[in-house]
Amino acid sequence: MIERKPLFPKLNRMLHGADYNPEQWLHRADILNEDRRLMSLAKCNVMAIGMFSWSKLEPQEGVFDFGWLDDVIDKLYRDGIYTILGTPSGARPAWLARKYPEVLRVRPERIRQLYGLRHNHCYTSPIYREKIKDMNTRLAERYREHPGLLLWHVSNEYGGECHCDLCQAAFRLWLRKKYNNDLDKLNEAWYTTFWSHTYTDWEEIESPSPIGEFKVQGMNLDWKRFVTDQSIDFMLREIEPLKRLSPDIPVTTNFLGGCVINYERMAEHVDIVSWDSYPSWHEPRPDWQTACHTAFVHDRYRSFKPGQPFLLMESTPSMTNWQEVAKPKRPGMHALSSIQAVAHGSDSVQYFQWRKSRGGSEKFHGAVVDHSGHEHTRVFRDVADLGACLERLDSISGTVVPAEVALIYDTENKWAVEGADGPRKPNLSYDQEVLDHYEPFWKQGIPTDVVPMDRPLDRYKLVVAPMLYMLKQGTAERLEAFVRSGGTLVLTYWSGIVDENDLCFLGGFPGPLRKLAGIWAEELDSLYAEDRNSLVMNEEGLDGLTGTYSVSLMCERIHAESAEVVAEYGEDFYRGSPALTVNRFGDGEVYYLAARTEQTFRDGFYSRLATRCGVERVIRADWPEGVTAHVRTDGIADYIFLQNYSDTDQPVTLKELLCDLEGNPVGEKVLLSSYGFRILKRERQV
């Protein structure tokens, strides 16, 4: 049963705020006072503090100063602003690195890094773990009962790896545990007989290195898994004193936009998922394509905690200084991109940062308060207007995105695809492949979850699994059960190739999926960038989808076994062989797409499949390219977000009765301004 579950019952509203770094302004009481006035004008109700404050909280080893933080949190709360309190492990002070050099990371080339930047610490170091445990214990003891404490923010953007002796020893222990202390099992999993790389002693094993071994795919995968596990273990050490001393305060950590480590697994250990979103708007490509990519990541992180909102922990109200071209957001884009996050399940819009720094590498990064220091800027007005808008959306906080489609995106599969040494260089671009299959659902306004391959699938009607190269144990059985019970599954070329250790399946591809797909994949043709083949639909087509479509990059030559042929190749020596098949399996269907197709085909294909599976669009409506619609619901009412990602006004023709948030009926024609949006409401039928 769908119901509204706010993340923070004591606040029970959309969060609006920013990363606040008052330690940069402790010498300017006038600025700190002005900040609170401006926060009120901007309709902010939360500030994230402390992520980069270690050198102010502990200026010397064992010498602590929390007085300034007390003052800031107290005054914010008196002004109605809650605190997300960060732990400072993401950027350690200089005294710590100087006295304990073991806390600094060692690069793959076995060179220890100097002090500097951020994320330059070893997750294995006992000293670093003890120091952050002490700091977090003090923070929890001091602030656990503060009424303004809303959420613990652990560290900052976990990622990176260390190759020091401590990590090498930890890696070997991790391997011993995984392979039950059996070196023969490890050699078998890593296929070390190739190139005479058999290990005869655990101490011979080192992490992958460009000056050593980096071509054993099984080792590379296990190293990435170890780095993820070690990062999680470090995070759990950070969380322990917080949970022990303040069990009622939830914990989050802010994820990055890419697959630095396996965030799917890390998310299991936090209460709330949050992430930092920095799209490159206004590039040469259309903004709607950037919006589609951003929506994909929103949906991925939302799907980490099914049935629960996530938090947009960082974004920029203007430009991002570290991008190749630092374009400010055009009028309307700040509100639109923020509302996009809300439409896909976020219960917050937060920024990095509140006030621009005077110095440092991000002094030109967009912020709510510019160097001018006042509210009379376009960016500040945009933020204040959005704050007022979010205040009207409090009833949407805690609602969910009702998805009947799942797209499988798996981090370990990505690692395997991109480390496979073939069949193309550069690699097959797993991210782009999955995004290509996500785009039709985004354009058509069909809610979609983005899930790893080991997620239960019984809640969905349609599951799309692009390039499922690696199959973890139990995946084939899970997909079979889904289809047998009436689900529809789409598989693509280069699926069912290897197991969890990157060892190829014997007996024919797609390995354990062969019976399910009803095909045998004999060989793969890699095309040059300028080459094309064609996919020719059979005369009867697929629910009206007919014609000829261009295919590129990869063409798999397959043989239909129990499957029916829906389309064939039009050129080359495999002309006339199957390019698209469907296999009836139990009460469901499995489609196998043997080539990378053009977007026009995917749009038509998934539109037919959605209808065939009974998957409905958010609303019955017509809209042009660049416009989309998404929905959140509390089970009683649906909140529909119409969004226009073009720089011209765009019409939407509604084919059902909808109301605005005040309950007033909306006519058939809705005009969305450039970079504009409308939020509509529909009562559900009981």
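Calculation notes
One numbering rule holds for all chains: residues counted from 1, following each sequence as written. Under the rules for a predicted model, residues below a pLDDT of 70 receive no local features and side-chain atom pairs below 80 are neither given nor counted, while totals for whole chains, interfaces and linings still include all residues. Note that the side-chain values use all heavy atoms of the structure and ignore hydrogens as well as water. Here, a strand pair is defined by DSSP locating no fewer than two bridges between the strands. The numbering of helices and of strands both runs from the N terminus, where a helix is a DSSP run of H or I of at least 4 residues and a strand a run of E of at least 2. We define the nonpolar core as a collection of buried residues of types Ala, Val, Leu, Ile, Met, Phe, Trp, Tyr and Cys that are connected through side-chain atoms lying within 4.5 Å of one another. Here's how the labels work: a residue is buried when its accessible area is under 20% of the maximum for its type, exposed when over 50%, partly exposed in between, all with a 1.4 Å probe on protein chains only. What makes two residues a contact is simply this: any of their non-hydrogen atoms within 4.5 Å. Ring pairs are drawn from Phe, Tyr and Trp, using the six-membered ring of Trp, whenever the two centres fall within 6.5 Å, and their geometry is named by plane angle: stacked under 30 degrees, edge-to-face over 60, tilted for the rest. Sitting over a ring, as applied to charges here, requires NZ of Lys or CZ of Arg to be within 6 Å of the ring centre and within 35 degrees of the ring normal. Any pair of nitrogen or oxygen atoms within 3.5 Å is treated as a polar contact; in protein, a donor-acceptor pairing is required on top of that, and neighbouring residues in sequence qualify only through side-chain atoms on both sides. Put simply, a salt bridge is a Lys or Arg side-chain nitrogen that is within 4 Å of an Asp or Glu carboxyl oxygen. Expected span, for any helix, means 1.5 Å times one less than how many residues it has.

1. Things to note about the sheet that holds strand β27 (residues 677-683)
- Pairing is antiparallel across the open sheet formed by five strands, whose spatial order is β21-β22-β27-β24-β25. This sheet does not close on itself; its edge strands, each paired only once, are β21 (627-633) and β25 (665-666).
- Inspection of the sheet shows strand β22 (residues 637-644) paired to β27 by seven bridges, in the antiparallel sense. Across the sheet, residue Q643 finds its bridge partner in β27, namely F677.

2. Thoughts on the nonpolar core
- Membership of the largest hydrophobic core comes to 189 residues, with the highest contact counts inside it found for M47, W190, W354, L489, L535, M537 and F605.
- The element contributing the most residues to this core is helix α8 (residues 217-245), with eleven residues.
- Once residues within four sequence positions are removed from consideration, L489 is found in contact with V463, A465, L479, F482, V483, L516, E589, V590 and Y591.
- One finds W623, V627, L642 and L672 within the second-largest nonpolar core, a separate group that totals 16 residues.

3. Here we look at the packing of aromatic side chains
- Evaluation of the coordinates by the stated rule reveals 34 aromatic pairs.
- A ring pair is formed by F255 and Y301, whose centres lie 5.7 Å apart and whose planes are at 45°; its orientation type is tilted. Of this pair, F255 sits in strand β5 (residues 251-255) while Y301 is found in helix α10 (residues 287-303), placing the two residues 46 residues apart along the sequence.
- Taking the relative accessible area as the measure of exposure, F255 reaches 1% and is therefore buried.
- Under the relative-accessibility criterion, Y301 is labelled buried at 0%.
- One aromatic cluster is present, built from ring pairs that chain together F441, Y549, Y591, F601, F605 and Y606.
- Its end group placed over the ring of Y123, R105 keeps NZ or CZ at 5.1 Å from the ring centre.
- Geometry around W25 places R355 over its ring, the cationic atom sitting 5.8 Å from the centre.

4. Overview of the environment of R112
- Topologically, R112 is positioned in the loop between α4 (94-99) and α5 (126-143).
- If sequence neighbours within four positions are ignored, R112 has contacts with P101, E102, L104, R105, V106 and C164.
- There is a polar contact of 2.7 Å between the side chain of R112 and the backbone oxygen of L104.

5. Looking at the pattern of salt bridges
- Here the structure, examined in full by the defined rule, presents 53 salt bridges.
- Notably, a salt bridge pairs R28 with D30, separated by 2.7 Å at the nearest N-O pair.
- Residue classification places R28 among the partly exposed positions, given a relative accessible area of 34%.
- Residue D30 is classed as partly exposed on the basis of its relative accessible area, which comes to 43%.
- The salt bridge involving E683 is made with K681; its shortest N-O contact spans 3.8 Å.

6. Structural notes on helix α12 (residues 378-391)
- Look at α12: 20 Å from first C-alpha to last across 14 residues, which is about the 20 Å you get at 1.5 Å a residue.
- Lining the buried residues of α12 we find β1 (15-19), α1 (29-41), α11 (333-343), β8 (346-351) and β27.

So far we have only geometry, and geometry alone does not tell us how the molecule works.
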